[in-house]
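This is what each chain is made of:
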Amino acid sequence: MSRRSGLGRLLLRYVVALRGVLALTATLVVVLAFFASAAPAALANLLTDAQRHALVEIPPASRDLVDEQQITPPPELVADDWRGLRDRLEKTRAELPPLLRSVTEPAAFTLTAATRKAVAATPGGPLLPTSYVNVTLSPDMPRHVTMLEGTLPRTPAGERSTADLVLSRAAAEEMRWTVGDVRVLTGGGLPDRRYRLSGTYDAVAPEGPFWRQTSGGIAPVVTTVGDQRTVTAAGWVSAESLDGTGPASVQGSQTRLKLWYPATPERLTAAEGVALVDELSAFTRTAVELVPESEVEVPGEGFVRVPAGMATFSTETTGVLREADDTAVSLTSLTAMLASAPVAAALCVLVLATGLVRSRSGTVLALARATGRLIERLTEHGVLVADPRAFFAS
């Protein structure tokens, strides 16, 4: 028998003799490896899922970066030039920190006049539902609708002439306003004005980022108090001119400019969410100049100075991410505390098992060394023949 096969048999006996201790040691090593590698990854995935669930729970519109303000339209908008506003919004997004920019889409905006009541153009007609219209315009609106009847609104001849508007099919049905009919919009601090319904539409991607910031754009808001039923909807006029919203020079007309960057923070990990909080906090604390200071000519009053249009965006995402981070810190601390006890116990058992293996293996190895030396000495004195074939040959 060769010396190598004898060593292999010795090791096999050693493993069999200490199989229980060696199995325990291997199990403890696996457990410690799990806590050192797999457990942190599992915890990170759990925190990411919790953060995403919290963000999905709030309305999508609340996740967007939004600013809304009452304005007097500046000359560049009165001149029907939206490029300046678009360029400033895109420049602002381009200057955002990388993580915040990655979760935002190009900005959208709407210009909405004061809410006005829609009444019959001629008295004595059929009784109409109590209806209110938010006259709104956006140069992006045409690509977000599919016309079902009629046409998109045409540019009005002037700021007091009959203007075209379009409604969603649901709003037109609720108001009992048929395509081609004319009604008068009254109130809102503006002169009464005739509007013709030029068409009805269905929204393209109604769950998309454009429509979620527009009240009454897809379906009307219907309220009922007693026997009184009220319908309110967005009526879209041509964005080729501000004449469709009413006289641009009217002071206190409650014209509102709404701007928003659609945001999708729910796809970030928990670690990225912590970084996004800092970037969001810095951005929402900073006022962004969108429209420079200017002058508007008011008939009979001359030129009136219009201050610069500053936008300060806000979002509920920041608060949700802060709460998710606080929860993550608490959960991480609790997990570390709960994991420390079994890890410490495993380490103690591992040390004891290692000591036991060393103790038993020391005895076996000492016996093996003694046996080896005895064989060598017997061989040297001729008591044992190193090679059995030599014995038979003699």
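Definitions and limits used
Residues numbered from 1 in each chain as written. Predicted model: local features only at pLDDT ≥ 70, side-chain atom pairs only at ≥ 80, totals over all residues. Heavy atoms only, no water. Helix = DSSP H or I, 4+ residues; strand = E, 2+ residues; numbered from the N terminus. Buried < 20%, exposed > 50% of the residue type's maximum accessible area, 1.4 Å probe, protein only. Contact = heavy atoms within 4.5 Å. Areas by Shrake-Rupley, 256 points an atom, 1.4 Å probe, with all protein chains shown as cover. pLDDT = per-residue confidence, 0-100. Core = buried A, V, L, I, M, F, W, Y, C linked by side-chain atoms within 4.5 Å. Salt bridge = Lys/Arg side-chain N within 4 Å of Asp/Glu carboxyl O. Expected span 1.5 Å × (residues − 1). Phe/Tyr/Trp six-rings, centres within 6.5 Å; stacked < 30°, edge-to-face > 60°.

Structural notes on the overall build of the protein chain
Within the protein chain one finds 10 helices and 15 strands. Taken across its 394 residues, the protein chain has 38% of its residues classed as buried. In the protein chain, of all internal contacts separated by at least 6 residues, the share reaching a separation of at least 24 is 76%. Here the protein chain has roughly 21,600 Å² of accessible surface; of this, 59% comes from carbon and sulfur atoms.

Focus on the environment of Thr110
Along the polypeptide, Thr110 turns up in strand β2 (residues 108-112). Along the backbone, Thr110 and Leu137 are 27 residues apart, and their C-alpha atoms lie at a distance of 5.8 Å. Aside from chain neighbours lying at most four places away, what touches Thr110 is Thr136, Leu137, Ser138, Trp236, Arg256, Leu257, Lys258 and Trp260.

Focus on the confidence of the model for the protein chain
Parts of the model with low pLDDT should not have their predicted coordinates read in detail. Mean pLDDT over the protein chain works out to 78, with 66% of the residues at or above the 70 mark. The secondary structure element of the protein chain with the lowest average pLDDT is helix α10 (residues 388-393), at 45, and the one with the highest is strand β5 (residues 145-150), at 97. Under a pLDDT of 50 for its full length, residues 388-394 has, in the predicted model, two contacts with residues more than four places off or in other chains.

Let's talk about the side chain of Thr317
On the secondary structure map, Thr317 appears in helix α9 (residues 317-380). Residues in contact with Thr317, not counting those within four places in the same chain, are Leu55, Ser62, Arg63, Pro265 and Leu280.

Re the nonpolar core
General note: in soluble globular proteins, nonpolar side chains tend to be found buried as a group. Ranked by internal contacts, the top residues of the largest apolar core, which has 49 residues, are Leu89, Leu165 and Trp177. Sort the elements by how many residues they give to this core and helix α8 (residues 270-284) lands first, with four residues. By size, the runner-up hydrophobic cluster in this structure holds 11 residues, among which are Val66, Val145, Val166 and Tyr201.

Digging into the pattern of salt bridges
As enumerated under the stated definition, the model contains 11 salt bridges in all. Put simply, Lys91 and Glu95 hold a salt bridge, and the shortest N to O gap is 2.7 Å. Pair check on accessibility: Lys91 and Glu95 agree, each one exposed. One continuous salt-bridge network, built from bridges that share partners, spans Arg86, Asp140 and Arg143.

Regarding helix α5 (residues 83-94)
Between its first and last C-alpha atoms α5 spans 16 Å; for 12 residues at 1.5 Å apiece the expected length is 16 Å, and the two agree. Three or more residues of α5 are buried, namely Gly84, Leu85, Leu89, Thr92 and Arg93.

A word on the packing of aromatic side chains
Within this structure, the stated rule accounts for eight aromatic pairs. Seen from their ring centres, Tyr201 and Trp211 are 5.9 Å apart, and the 20° between their planes marks the pair as stacked. Linking Tyr201 in strand β8 (residues 190-203) with Trp211 in the loop between β8 and β9 (221-225), this pair joins segments that are 10 residues apart in sequence. Since its relative accessible area comes to 0%, Tyr201 is described here as buried. For the ring pair Phe210 and Trp260, a centre distance of 6.2 Å and an interplane angle of 45° mean the geometry is tilted. Of this pair, Phe210 sits in the loop between β8 and β9 while Trp260 sits in strand β11 (residues 256-261), and the two are 50 residues apart along the sequence. Exposure class is identical for Phe210 and Trp260. Each is buried. One aromatic cluster is present, built from ring pairs that chain together Tyr201, Phe210, Trp211, Trp236 and Trp260.

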